[in-house]
Amino acid sequence: MAGYIILWVALLICSTRADNKKLVWFFIILLSLVAGLRGVDVGTDTKTYADIYGWIAEGQAKYIEPGWWLLNRLVSWTGGGFQLLLWLVALLTLVPVGWVIQRDSPNPMLSLFFYFSLFIFLNSLNLARQIMAISYVLVGYSMYARGRRWWFVVWTLVASTFHASALIVLPIFFVDWIKLRPGVVAILAVLSLVAGTVAIGPLMSVAAGDYASYLENSPFGYRKTSLTSALALSLMLNVLMAVIYATSRRELRNNFWIKVFVAGIIVNNLTFRLLLGSRVIIFFNVAQIIFFVLYIINDRFK
């Protein structure tokens, strides 16, 4: 915990630097070492990844996404061990993040601070495959934001080779068709909360396919307790969305990044009853590391 706090404070202090590109890559390498040198007992799924690595090395692996299989196979073929795999995964997760925040964030170090503060990095220690996939979804978002919509599809497909759940972001392809207005945002929020309360099962089956079965039928499944607190949190996030939208400059209100931010709140509304709903939401919430910085530099209050 002390190490985590030290890193958080260091990132916060460094985020105040205007010219911080070199610092970004220093922290990218540092974080990759933190993740790559962790023990097999650090992270809920790390032991499982070690087992999968052993199965792939022995040619006995059952179905696994092809990108993850190929990466494991290459490491074992070169004689590297599981520790090398962990470090490569960390690098292949963090480097795309560094690349995107250099391209799209007015303050890359502040974006990296949000990446750390929103627990995306921490989740990479537990859900390495999924967070790796999210990094390539983020690259796709960056492409889309620059008008290269089909490259968004390409990078989403690349992400799905590490974790098939990445495909859930493909509807973002049509986000340009939606013009955000206060009424539209309010209607989307209300309808998604109602749907998440009464119709989450059928909606998830359509949107997430086989992954929905995992989310619904895992040992976690639907919330049996703390449902009220989960709903209260969703309501607070909707209020936050409304405040941010209302206080954003007009040119930001239909920016691509705010649309993904709103999509994340909508998906949260739809999945708040699922204990593992955050595994879906994080594919959209990763856009916050760009959007929050764009919002903060908003000079409406200056």
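The coordinates are above.
Here is what the cut-offs are and how they apply
Residues numbered from 1 in each chain as written. Predicted model: local features only at pLDDT ≥ 70, side-chain atom pairs only at ≥ 80, totals over all residues. Heavy atoms only, no water. Helix = DSSP H or I, 4+ residues; strand = E, 2+ residues; numbered from the N terminus. Contact = heavy atoms within 4.5 Å. Buried < 20%, exposed > 50% of the residue type's maximum accessible area, 1.4 Å probe, protein only. Core = buried A, V, L, I, M, F, W, Y, C linked by side-chain atoms within 4.5 Å. Phe/Tyr/Trp six-rings, centres within 6.5 Å; stacked < 30°, edge-to-face > 60°. Salt bridge = Lys/Arg side-chain N within 4 Å of Asp/Glu carboxyl O.

K.L.:
How do you make sense of the overall build of the chain when you look at a structure like this?
P.N.:
Scanning the chain from terminus to terminus reveals 16 helices and zero strands. Taking the contacts inside the chain whose residues are at least 6 apart along the sequence as the reference set, 76% of them involve residues at least 24 apart.

K.L.:
It is not clear to me how helix α6 (residues 108-117) should be interpreted in this structure. Could you clarify?
P.N.:
An α-helical turn contains 3.6 residues, so any two residues separated by three or four positions project in the same direction. Buried residues dominate α6, accounting for nine of its ten residues. Within α6, burial applies to Pro108, Met109, Leu110, Ser111, Leu112, Phe113, Phe114, Tyr115 and Phe116. The inward-facing, buried residues of α6 contact α1 (2-14), α2 (21-36), α5 (82-104), α7 (120-124), α8 (128-145) and α16 (288-296). Once α6 finishes, phenylalanine 119 follows within two positions and takes phi at roughly 65 degrees, a positive value.

K.L.:
Would you mind going over the environment of leucine 85 with me for this structure?
P.N.:
Looking at the element boundaries, leucine 85 is found in helix α5. It is 6.3 Å that separates the C-alpha atoms of leucine 85 and valine 75, two residues lying ten residues apart in sequence. Here leucine 85 is in contact with Tyr53, Leu71, Asn72 and Val75, once residues within four sequence places are set aside.

K.L.:
Mind showing me how you'd approach the nonpolar core here?
P.N.:
One broad trend across soluble globular proteins is that nonpolar side chains are buried collectively. Among the nonpolar cores identified, the biggest contains 89 residues, and Tyr141 and Phe284 are the most heavily contacted of them. Among the elements that make up this core, the one with the highest residue count is α8 (eleven residues). Other than its neighbours up to four places away in sequence, tyrosine 141 contacts Phe152, Val169, Ile172, Phe256, Trp257, Val260, Phe283, Phe284, Val286 and Ala287.

K.L.:
What's the story with the packing of aromatic side chains in this structure? I'm lost.
P.N.:
Under the definition given, this model contains 24 aromatic pairs. Between tyrosine 49 and tryptophan 68, the aromatic rings sit 5.4 Å apart at their centres with planes inclined by 50 degrees, giving tilted as the arrangement. On the criterion of sequence distance, the pair formed by tyrosine 49 in helix α3 (residues 46-57) and tryptophan 68 in helix α4 (residues 66-77) is long-range, its members being 19 residues apart. Between tyrosine 136 and phenylalanine 162, the ring centres sit 5.9 Å apart and the planes meet at 25 degrees, which makes this aromatic pair stacked. Taken together, the residues span a long stretch of sequence, with tyrosine 136 in helix α8 and phenylalanine 162 in the loop between α9 (149-160) and α10 (182-198) at a distance of 26 residues. Overall, the relative accessible area of 10% leaves tyrosine 136 in the buried class.

K.L.:
I'm lost on the pattern of salt bridges in this one. Help?
P.N.:
A side chain of one charge can pair with a side chain of the opposite charge when the charged atoms of the two come close. In the structure shown here, the tally under the stated rule is three salt bridges. Lysine 47 is the salt-bridge partner of aspartate 51, the closest N and O atoms lying 3.1 Å from each other. One end of the pair, aspartate 51, and the other, lysine 47, are both in helix α3, four residues apart, so they sit about a helical turn from each other. The residue aspartate 104 makes a salt bridge to arginine 146 at a minimum N-O spacing of 3.4 Å. Here aspartate 104 is found in helix α5, whereas its partner arginine 146 is found in the loop between α8 and α9, with 42 residues between them in sequence. Residue classification places aspartate 104 among the buried positions, given a relative accessible area of 14%. According to the relative accessible area criterion, arginine 146 is partly exposed, its value standing at 44%.

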